[in-house]
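# Structure at a glance
What follows is the residue order along each chain.
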Amino acid sequence: MALAPNVYDAEPIPDAARAEIERLLSSGDLFRYTNEGSPVQLLEAEFAALMGSRYALAVSSCSAALFLSLKALDLPRGARVLIPAFTFAAVPSAIVHADCVPVLCEVGDNYRVDMADFAAKIDDDIACVLISHMRGHTSDMDAIMAACDARGIPVVEDAAHSLGTVWGGRKIGTVGKIGCFSFQSYKLVNSGEGGILITDDPELAARATIMSGAYEHNWKKHAGLQNSFHHWQNKLPLYNMRLQNLSAAIIRPQLPLVADRVAKGRANHDYVADRLNSSAWLDVPPPLAPEERAPDSIQFNLAGFETDAEARAFQDAAKARGVAVQVFGLSQDNARAFWNWQFLGEAPDLPQTRAMLMRACDVRLPVRLTRDDLDFIAEALLAAAEDVKGEARAYGT
Ligand SMILES: *Cc1c(COP(=O)(O)O)cnc(C)c1O
């Protein structure tokens, strides 16, 4: 019998990183600003080129990038920031960190911003819209940008998990004013921890750079900045959220692998999605038309599972068959369930998002999986659904 694939181990770091790390360890040159042409500086140039954006600023995490984005936008204390209610707890946390107030928007059972609720909630009190492309699912960015542009509201993209996703021919993270990415281990590019923000706006880049910890005249080590560093010098706090050279040395050799990882991840995802969609009990929502996905996991909804007990029984049956399934809303203290964000105060009433979270399943699909691994996972999930719901009912009955 085939063994259950291990979906938790990370990919090995490319060998090219080793020599560079050895060099850095030998010289002790770990701080990004000690020398011109540091690995962090090179990473920023390479990432900006990869994304086709003017500026990139490497920082300690995507959360730090989100925080600095809000600070760079100079949002006043208490400013209201609209976000999708389906995201990771770090996102509302970054908003709180920036002295702003998250406003949660409903998300539909396709994991994307519900545009009717978005239209209802985007009023003149919203100072910024932060779109979290949760698990890489892209909301309707055309409609969101149109609504925000009409009101002059800046859009920040949380593309932590969306490196390589394309929307209408544009790279996700370049659609809004600022795009933020993560290099934490569960993302497409892994350095344990790390993040980066990109923008075409020179003033936002200058402000974020200084606040990230480019103290004194270290901003001169940021190439190509035609902006008002002199103006911002000493006027902004230094939050010190820099990336260090070792992390950049681990990230840089992975950037040329992104395109291949995206292609493999998409093929794996679409193969499993087709198999799951053959069941009447499992539903993988399709992408929106302009979206080309870059998934490293799969999300699907349990259809016709009336009770939480049935959904839990599915989880147990999948586990017995060797595949770990997370139903977002069913695991205790899940950081993606908005009712657990007690630091925000009383949970808002978001029935649509809540219903989705109680039936939406999450399974990791790392790009290295073979066709046999994918079949093992798909068959376990299909069989687990039948364990609970009986033989698949025929369509149309
Ligand atoms: C991982 C993730 C984050 C947080 O990234 P860090 O680099 O760990 O701070 C934020 N948003 C989404 C959608 C994520 O997947």
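Scoring rules and cut-offs
Residues numbered from 1 in each chain as written. Predicted model: local features only at pLDDT ≥ 70, side-chain atom pairs only at ≥ 80, totals over all residues. Heavy atoms only, no water. Helix = DSSP H or I, 4+ residues; strand = E, 2+ residues; numbered from the N terminus. Buried < 20%, exposed > 50% of the residue type's maximum accessible area, 1.4 Å probe, protein only. Polar contact = N/O pair within 3.5 Å; in protein donor to acceptor, adjacent residues only side chain to side chain. Near = heavy atom within 4 Å. Areas by Shrake-Rupley, 256 points an atom, 1.4 Å probe, with all protein chains shown as cover. Salt bridge = Lys/Arg side-chain N within 4 Å of Asp/Glu carboxyl O. Core = buried A, V, L, I, M, F, W, Y, C linked by side-chain atoms within 4.5 Å. Contact = heavy atoms within 4.5 Å.

## With respect to the environment of Asp-201
Along the polypeptide, Asp-201 turns up in the loop between strand E9 (195-199) and helix H7 (202-213). On the basis of relative accessibility, which here comes to 22%, the residue Asp-201 falls in the partly exposed class. Linking Asp-201 and Arg-54, residues 147 residues apart in sequence, is a C-alpha distance of 7.8 Å. Only 2.9 Å separates the side chain of Asp-201 from the backbone nitrogen of Glu-203, close enough to count as a polar contact.

## Details of the site of the ligand
In the region of the ligand, 13 residues are neighbours, and Cys-62, Ser-63, Asp-158, Ser-182 and Lys-187 sit closest. Between Ser-182 and the ligand, the recorded distance is 2.7 Å, taken from a side-chain N or O atom to an oxygen atom. In the complex, the protein chains occlude 92% of the 390 Å² of accessible area that the ligand would expose alone.

## Things to note about the pattern of salt bridges
What the rule picks out here adds up to 18 salt bridges. Of the charged contacts in the structure, one is a salt bridge between Arg-23 and Glu-20, with a shortest N-O distance of 3.0 Å. One end of the pair is Arg-23 and the other is Glu-20, both in helix H1 (residues 16-27) and 3 residues apart, which spans about a single turn. A relative accessible area of 43% places Arg-23 in the partly exposed class. When its relative accessible area of 19% is taken as the criterion, Glu-20 is described as buried.

## Structural notes on the nonpolar core
Formed by 88 residues in total, the largest nonpolar core has its most connected members in Val-81, Leu-276, Leu-282, Phe-300, Phe-314 and Leu-381. Looking at which element gives the most residues to this core, the answer is helix H13 (residues 371-389), with 9 residues. Listed in part, the 40 residues of the second largest apolar core include Ile-144, Cys-148, Ile-153 and Ile-172.

## Some details on the side chain of Asp-362
Tracing the backbone through its elements, the reader meets Asp-362 in strand E14 (residues 360-364). Judged by relative accessible area, which is 8%, Asp-362 ranks as buried. Reaching out from Asp-362, the side chain makes a polar contact with the side chain of Arg-135 at a distance of 2.6 Å. Apart from residues lying up to four places away in sequence, Asp-362 is in contact with Arg-135, Ser-297, Ile-298, Gln-299, Ala-324, Val-325, Gln-326 and Phe-328.

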